[in-house]
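The residues making up each chain are set out below.
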Amino acid sequence: MREYIVDTNVPLVASGEAPQMSYDCIIQCVNFLEDLMNGKYLLVIDKNFYIIGEYANKMTPLPTHKFCNRFYKWVLTNHNNSSKVKRVDINQIDEYNFLEVPRRLIDINFDNSDRKFIAVAIANNNRAPIAQAADSKWIKWEHNIINEGIKILFLCRDELEIINKRKR
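To keep things clear, this report deals only with the structure shown in the data block. (Residues numbered from 1 in each chain as written. Predicted model: local features only at pLDDT ≥ 70, side-chain atom pairs only at ≥ 80, totals over all residues. Heavy atoms only, no water.)

## Looking at the overall build of the protein chain
Here's step 1: If you tally the helices and strands in the protein chain, you get 8 helices and 5 strands.
Here's step 2: Ordered by position from N to C terminus, the α and β elements of the protein chain give β-α-α-β-α-α-β-α-α-β-α-β-α.
Here's step 3: The C-alpha atoms of the protein chain give 15 Å as radius of gyration, which agrees with the globular expectation for 168 residues (15 Å, within 12%).
Here's step 4: With respect to the principal axes defined by its C-alpha atoms, the protein chain has extents near 40 × 35 × 30 Å. (Helix = DSSP H or I, 4+ residues; strand = E, 2+ residues; numbered from the N terminus. Rg over C-alpha atoms; globule rule 2.2 N^0.38 Å.)

## Notes on the nonpolar core
Here's step 1: In terms of nonpolar packing, the biggest core is built from 60 residues, with Leu 43 and Phe 71 touching the most fellow members.
Here's step 2: Sorting elements by how many residues they give to this core places helix α2 (residues 23-37) first, with 8 residues.
Here's step 3: The contact partners of Phe 71, leaving out residues within four places of it in the chain, are Val 6, Pro 11, Leu 33, Leu 36, Met 37, Leu 43, Tyr 55 and Met 59. (Core = buried A, V, L, I, M, F, W, Y, C linked by side-chain atoms within 4.5 Å. Buried < 20%, exposed > 50% of the residue type's maximum accessible area, 1.4 Å probe, protein only. Contact = heavy atoms within 4.5 Å.)

## Describing the sheet that holds strand β4 (residues 130-132)
Here's step 1: The 5 strands are arranged β3-β2-β1-β4-β5 in an open sheet whose pairing can be described as parallel. Either end of the sheet is taken by a strand with one partner, and the two such strands are β3 (85-88) and β5 (152-154). Each adjacent strand pair in this sheet contributes to an overall mean axis angle of 35°, direction not counted.
Here's step 2: With 4 bridges joining them, strand β2 (residues 41-46) and β3 adopt parallel strand pairing. Counted as the bridge partner of Val 44 is Lys 86 from β3.
Here's step 3: In this fold α2 packs onto β1 (2-6), β2, β4 and β5, with an angle of close to 90° to the strand it touches most, β2.
Here's step 4: Each of β4 and β5 touches helix α7 (residues 137-147); the most contacted strand, β5, lies at about 155° to it. (Pairing = 2+ DSSP bridges. Axes fitted to C-alpha atoms, helices over the stretch in contact; angles between N-to-C directions.)

## Some thoughts on the side chain of Asn 164
Here's step 1: Relative to the helices and strands, Asn 164 resides in helix α8 (residues 157-167).
Here's step 2: Sequence-distant contacts of Asn 164, that is, excluding residues within four places in its chain, are made with Ser 136, Ile 139 and Lys 140.

## Quick notes on the environment of Tyr 23
Here's step 1: Tracing the backbone shows Tyr 23 in helix α2.
Here's step 2: In sequence terms Tyr 23 and Val 13 are 10 residues apart; their C-alpha atoms lie 9.4 Å from each other.

## So, a positive patch on the surface
Here's step 1: Judged by side-chain charge, Lys 140, Lys 165, Lys 167 and Arg 168 come together as a positively charged surface patch.
Here's step 2: Inspection of the secondary structure puts Lys 167 in helix α8.
Here's step 3: Owing to a relative accessible area of 61%, Lys 167 belongs among the exposed residues under this scheme. (Patch = residues over 30% accessible without salt bridge, like charges linked within 9 Å, V, L, I, M, F, W, Y side chains within 5 Å. Areas by Shrake-Rupley, 256 points an atom, 1.4 Å probe, with all protein chains shown as cover. Salt bridge = Lys/Arg side-chain N within 4 Å of Asp/Glu carboxyl O. Lys, Arg positive; Asp, Glu negative; His and termini not counted. Charge placed at Lys NZ, Arg CZ, Asp CG, Glu CD.)

## A short note on the state of the cysteines
Note on terminology: disulfide describes a covalent bond linking the sulfur atoms of two cysteines.
Here's step 1: This model, assessed by the stated rule, comprises 1 disulfide.
Here's step 2: A sulfur-sulfur separation of 1.9 Å characterises the disulfide bridge that pairs Cys 25 with Cys 156. Across the disulfide from Cys 25 to Cys 156, rotation about the S-S bond amounts to roughly 90°, and the bridge is consequently right-handed. Here the residue Cys 25 occupies a position in helix α2, and Cys 156 occupies one in the loop between β5 and α8, the gap between them amounting to 131 residues. (Disulfide = S-S within 2.5 Å.)

Keep in mind these values describe shape, not function.
Shown next as structure tokens:
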């Protein structure tokens, strides 16, 4: 079964909470998350709940009429179900740094809040791409991330490239 790490912005986009992203992007995110929640993919998170904590900063399990909240409730319900969620060990050094995150990524000013996703990818032996929807900086950092052996699934790549070019 394919494995994925899901950046927080994917369920937020699926809920329409990223106004810069198109309706097509929203549909891409909804379809991806529906496939994940229906068992087509395995979600990869950390055992220490750093990713779940990140989700908790932006989502709540209720009300479930918002897609992001439905996803978050699914994560909370299934985080111990190994047929739906894989949990890996990561090692936190301080608030934003993890032993697994290479210095080369820290040196390019990789977002503090995104480092947990990188740590999980590396702790999982780079088997699971990180699903990304709305953070255009990941396009800018793509080469550096790939050089570390980490894969990225850009659900809305064309839009992110346009947004990144506008920001330059």
